[in-house]
Amino acid sequence: VQLVESGGGLVQAGGSPRLSCAASGSTLSINAMGWYRQAPGKQRELVAAITSGGGSTNYEDPVKGRFTISRDNAKNTMYLKMNSLKPEDTAVYYCNALALDTSTATMTDYWGQGTQVTVSS
């Protein structure tokens, strides 16, 4: 499974960009997906997660009510709509997918390369 994020960049506080994560490869093996972020000097943290069919989502407290995670399995793409951005949302945002590695028959985490989101005040 390969994951490629897009949609980051420099955004003013209060802005509402949308990140995308395009999956390729063994996409049928993908189960849950999520968005993580890593700010300078901090550990990578979960932002939001979504189940395989998109019927259930989870958000961490800092983004609840402002971010919306979704996925379009027909397009093999996951999204993160971010509203009311704050400077503290500045980070590299990573796409994550939990998928079956058919070579080892184990569930494995796959990661994208990350996309930078910088929020200016």
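Check the entry above for the structure.
Residues numbered from 1 in each chain as written. Predicted model: local features only at pLDDT ≥ 70, side-chain atom pairs only at ≥ 80, totals over all residues. Heavy atoms only, no water.

A. Quick peek at the sheet that holds strand 1 (residues 2-6). Strand order in this open sheet of four strands is 1-3-8-7, and the pairing throughout is antiparallel. Every interior strand has two partners, whereas the edge strands, strand 1 and strand 7 (67-72), have only one. On average, adjacent strands in this sheet sit at an angle of 15 degrees to one another, irrespective of strand direction. Sheet topology places strand 7 next to strand 8 (residues 77-82); six bridges connect them, and they run antiparallel. When the sheet's bridge partners are listed, Thr-68 is paired in strand 8 with Lys-81. (Pairing = 2+ DSSP bridges. Helix = DSSP H or I, 4+ residues; strand = E, 2+ residues; numbered from the N terminus. Axes fitted to C-alpha atoms, helices over the stretch in contact; angles between N-to-C directions.)

B. Focus on the nonpolar core. Core analysis: the largest hydrophobic core is formed by 29 residues, its most contacted members being Leu-3, Met-33, Trp-35, Leu-80 and Tyr-93. Secondary-structure elements contributing two or more residues to this core are strand 3 (18-24), strand 4 (30-38), strand 5 (45-50), strand 7, strand 8, strand 9 (91-101) and strand 11 (115-120). Look past the residues within four positions of Leu-3 in its chain and what remains in contact with it is Cys-21, Ala-22, Ala-23, Met-33, Cys-95, Asn-96, Ala-97, Tyr-110, Trp-111, Gly-112 and Gln-113. (Core = buried A, V, L, I, M, F, W, Y, C linked by side-chain atoms within 4.5 Å. Buried < 20%, exposed > 50% of the residue type's maximum accessible area, 1.4 Å probe, protein only. Contact = heavy atoms within 4.5 Å.)

C. Region of the structure containing the packing of aromatic side chains. Scanning the entire structure with this criterion turns up one aromatic pair. Consider the rings of Tyr-36 and Trp-111, whose centres lie 4.9 Å apart with planes at 70 degrees: the pair is edge-to-face. A residue pair is termed long-range when its members are at least 10 positions apart, and Tyr-36 in strand 4 and Trp-111 in strand 10 (residues 106-111) qualify at 75 residues. Above the plane of the ring of Trp-111 lies Arg-44, whose end atom (NZ or CZ) is 4.6 Å from the centre. (Phe/Tyr/Trp six-rings, centres within 6.5 Å; stacked < 30°, edge-to-face > 60°. Lys NZ or Arg CZ within 6 Å of the ring centre and 35° of its normal.)

D. Region of the structure containing the side chain of Asp-101. On the secondary structure map, Asp-101 appears in strand 9. Buried within the structure, Asp-101 lacks any salt-bridge partner; its nearest side chain of opposite charge belongs to Arg-44, at an N-O separation of 17 Å. Setting aside chain neighbours within four positions, we find Asp-101 in contact with Thr-106, Thr-108 and Tyr-110. (Lys, Arg positive; Asp, Glu negative; His and termini not counted. Salt bridge = Lys/Arg side-chain N within 4 Å of Asp/Glu carboxyl O.)

E. Seen up close, the state of the cysteines. All told, the structure shown has one disulfide when counted by the stated rule. Linked covalently through their sulfurs, Cys-21 and Cys-95 form a disulfide whose S-S length is 1.9 Å. Its torsion about the S-S bond being -65 degrees, the disulfide of Cys-21 and Cys-95 is classed as left-handed. Taken together, the residues span a long stretch of sequence, with Cys-21 in strand 3 and Cys-95 in strand 9 at a distance of 74 residues. Cys-95 matches Cys-21 in its accessibility class, with the two residues each being buried. (Disulfide = S-S within 2.5 Å.)

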